[in-house]
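So the chains spell out like this:
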Amino acid sequence: MIVYTHTDCLKKFNGHGHPEKKERLESIISSIKSSNLKVEFKEAPLADLKTVSLVHPIKHIKKIFSNIPKEGIIGVEKEPYADTMLCSFSKNAILRSCGAGIAAADDLMKNNERVFCAIRPPGHHAETSRANGFCFINNIAVSARYLQKKYKINKIAIIDFDVHHGNGTQEIFYKDPSIAYGSSHEFPLFPGTGGENETGVGNIFNATLKAGLESRDFIKIFDQKVLKPIDKFKPEAILISAGFDAHKRDPLANINLESEDFFKITKNIVDIAKTHSNGRIISFLEGGYDLLALSESIKEHLSALKTHI
Ligand SMILES: [Zn+2]
């Protein structure tokens, strides 16, 4: 298994006290390195704008980059979402995060390798023409489109267990029957989308979770409302938006998963990939804001991902 990351992803700074901080990624990397998980680390390349444009208009991306300050930080959205920030190191961090997913797609298809993208900024809140929720480019969406275009993979499932709804991913693929998007998320909570009546063209599967939900009920709901329809969809590849903020320690949400639950959740996804997708999986880091929870949960996630390629 391969883990893509880059030190550029550590340089993005969102301001003191901001939950999306470099320590998140440091904690994940050091946890993987000190574990007995045998993974190969690779440097994430910079994404090229042509591939990014499979999802986002180049004009929109260039506008984001033109807002990057020489020093200090600026927000790209208005209140109440003024916490999506740019600093002078943002451009490379954004392009490395997206480039990880593109390189991962090549490794997946050429070498039959499963890949985890240990990246920041995350991507699942980024809409076609809107940066949102700490996200600028929708990393997983670009990777999905690249797999379709370069490798003629027709049906792709994106499974999102981040505690927040991936409004960007849903918006991008809302009318696209070749991509199934299944998400479990606390509701109501930021970003406010993801009601179970939002079903796209029969390709969107939202599972709303009540604050305070415990492990057993989460697993049951995730199985029924996300995994069952994805299994029926029979994807040729599965991409995971892996956010670890449904953990009970997470400060931004109120779902009570234990670290070990991320093994079970991931293993259930791996089983579907084995059945329909030749075992093909790429996983992308999204949210997760408690450092201890991240360092424990990532080991569970990767242990399950390593099984049965
Ligand atoms: Zn999240």
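Just so we're clear, the structure is a prediction, and the values are computed from it rather than from any experiment.

Caption draft 1: Spotlight on the coordination of the zinc ion. Looking at the zinc ion, the protein donor atoms are Asp162 (OD), Asp162 (OD), His164 (ND1) and Asp245 (OD), and they sit 2.0 to 2.7 Å from it. Classification of the site at the zinc ion as irregular follows from its four donor atoms and the range of 53 to 154° in their angles at the metal. The sequence motif formed by the donor residues of the zinc ion is D-x1-H-x80-D. Each member of the pair, Asp162 as well as His164, is classed as buried.

Caption draft 2: Structural detail: the pattern of salt bridges. In total, this model carries 16 salt bridges according to the counting rule given. The closest approach of N and O atoms between Arg130 and Glu77, which form a salt bridge, is 2.8 Å. Separated by 53 residues along the polypeptide, Arg130 in the loop between strand S5 (115-117) and helix H6 (139-151) and Glu77 in the loop between strand S3 (74-75) and strand S4 (85-86) bring together distant segments of the chain. Its salt-bridge partner being Asp290, residue Arg249 comes within 2.7 Å of it at the nearest N-O pair. Of the two residues, Arg249 sits in the loop between strand S9 (237-242) and helix H9 (261-276) while Asp290 sits in the loop between strand S10 (281-285) and helix H10 (291-305), which places them 41 residues apart along the sequence. Taking relative accessible area as the criterion, Arg249 reaches 43% and is therefore assigned partly exposed.

Caption draft 3: Structural context of the packing of aromatic side chains. Evaluation of the coordinates by the stated rule reveals six aromatic pairs. Ring geometry for Tyr146 and Tyr151: centres 6.3 Å apart, planes at 80°, overall edge-to-face. Take Tyr146: its relative accessible area is 11%, and that puts it in the buried class. Judged by relative accessible area, which is 19%, Tyr151 ranks as buried.

Caption draft 4: Spotlight on helix H4 (residues 58-66). Of the positions making up H4, those classed as buried are His60, Ile61, Ile64 and Phe65. Buried residues in H4, looked at end-on, bunch into an arc of 135°, giving them a common side. In this structure, H4 carries Lys59, Lys62, Lys63 and Ser66 as exposed residues pointing more than 90 degrees from its buried face. Considering only its buried residues, H4 is in contact with helix H3 (49-52), S4 and helix H5 (90-111).

How each quantity is defined
- Residues numbered from 1 in each chain as written.
- Predicted model: local features only at pLDDT ≥ 70, side-chain atom pairs only at ≥ 80, totals over all residues.
- Heavy atoms only, no water.
- Donors = N, O, S within 2.8 Å, 3.2 Å for Na, K, Ca; no water.
- Tetrahedral: all angles 85-135°; square planar, octahedral: opposite > 155°, others 65-115°.
- Buried < 20%, exposed > 50% of the residue type's maximum accessible area, 1.4 Å probe, protein only.
- Salt bridge = Lys/Arg side-chain N within 4 Å of Asp/Glu carboxyl O.
- Helix = DSSP H or I, 4+ residues; strand = E, 2+ residues; numbered from the N terminus.
- Phe/Tyr/Trp six-rings, centres within 6.5 Å; stacked < 30°, edge-to-face > 60°.
- Arc of directions from axis to C-beta.
- Contact = heavy atoms within 4.5 Å.

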